[in-house]
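Overview (structure and organization)
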Amino acid sequence: MTKFIVTTKNGAGESVPLRGTVWAYSMDRAQIFDSREAAQAALDKAKKFMKASTYKASRIEEVQA
């Protein structure tokens with residue numbers, strides 16, 4: 001079954017996942033979404049807490065759960 005996570009790159013070039021409205025330090029702590037729309041809604045909710053460049057660099061990725 002396909003699930004989705006939201007990621008961005010940190011200053012060191014590593015992927016960091018979204019958890020709630022903050023970026024987590026580990027992929028183990030990623031918030032997993034059932035649909036791409038739910039992941040986009042979470043990213044939009046967290047937008048007010050991040051720089052515009054971070055929002056633009058964020059990606060929704062498919063993961064196998």
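This text follows the structure it describes.
The following paragraphs examine the structure supplied in this document. (Residues numbered from 1 in each chain as written. Predicted model: local features only at pLDDT ≥ 70, side-chain atom pairs only at ≥ 80, totals over all residues. Heavy atoms only, no water.)

Right, let's talk about the overall build of the protein for a bit. A count of helices and strands for the protein gives two helices and four strands. Secondary structure of the protein in N-to-C order comes out as β-β-β-α-α-β. Relative to a compact globule of 65 residues, whose C-alpha radius of gyration would be 11 Å, the protein shows 11 Å and is just as compact. For the protein, the spread of C-alpha atoms along the three principal axes comes to 30 × 25 × 15 Å. Counting the 65 residues in the protein, one finds 32% classified as buried. Here the contacts in the protein between residues at least 6 apart in sequence split such that 59% fall between residues at least 24 apart. As displayed, the protein has an accessible area near 4400 Å², and 51% of this comes from carbon and sulfur atoms. Counting 11 positive and 7 negative side-chain charges, the protein places the averaged centre of each group 8 Å from the other. (Helix = DSSP H or I, 4+ residues; strand = E, 2+ residues; numbered from the N terminus. Rg over C-alpha atoms; globule rule 2.2 N^0.38 Å. Buried < 20%, exposed > 50% of the residue type's maximum accessible area, 1.4 Å probe, protein only. Contact = heavy atoms within 4.5 Å. Areas by Shrake-Rupley, 256 points an atom, 1.4 Å probe, with all protein chains shown as cover. Lys, Arg positive; Asp, Glu negative; His and termini not counted. Charge placed at Lys NZ, Arg CZ, Asp CG, Glu CD.)

Turning to helix α1 (residues 36-46), its buried residues are A39, A42, L43 and A46. What you see down the axis of α1 is that its buried residues fit within an arc of 100°, all on one side. Exposed side of α1, more than 90 degrees from the buried face: E37 and K45 are the residues found there. On its buried face, α1 is in contact with β1 (2-9), β2 (15-19), β3 (22-23), α2 (52-57) and β4 (59-64). (Arc of directions from axis to C-beta.)

This paragraph deals with the nonpolar core. Listed in full, the eleven residues of the largest apolar core are F4, V6, L18, F33, A39, A42, L43, A46, M50, Y55 and I60. Secondary structure elements with two or more residues in this core: β1 and α1. A per-element tally of this core places α1 first, with four residues. Every residue in contact with V6, bar those within four places of it in the chain, is listed here: V16, P17, L18, W23, F33, A39, L43, S58, R59 and I60. (Core = buried A, V, L, I, M, F, W, Y, C linked by side-chain atoms within 4.5 Å.)

As a further point, take the packing of aromatic side chains. Under the defined criterion, the tally for this structure stands at zero aromatic pairs. It is K47 that lies over the ring of Y55; its NZ or CZ is 4.6 Å from the centre. (Phe/Tyr/Trp six-rings, centres within 6.5 Å; stacked < 30°, edge-to-face > 60°. Lys NZ or Arg CZ within 6 Å of the ring centre and 35° of its normal.)

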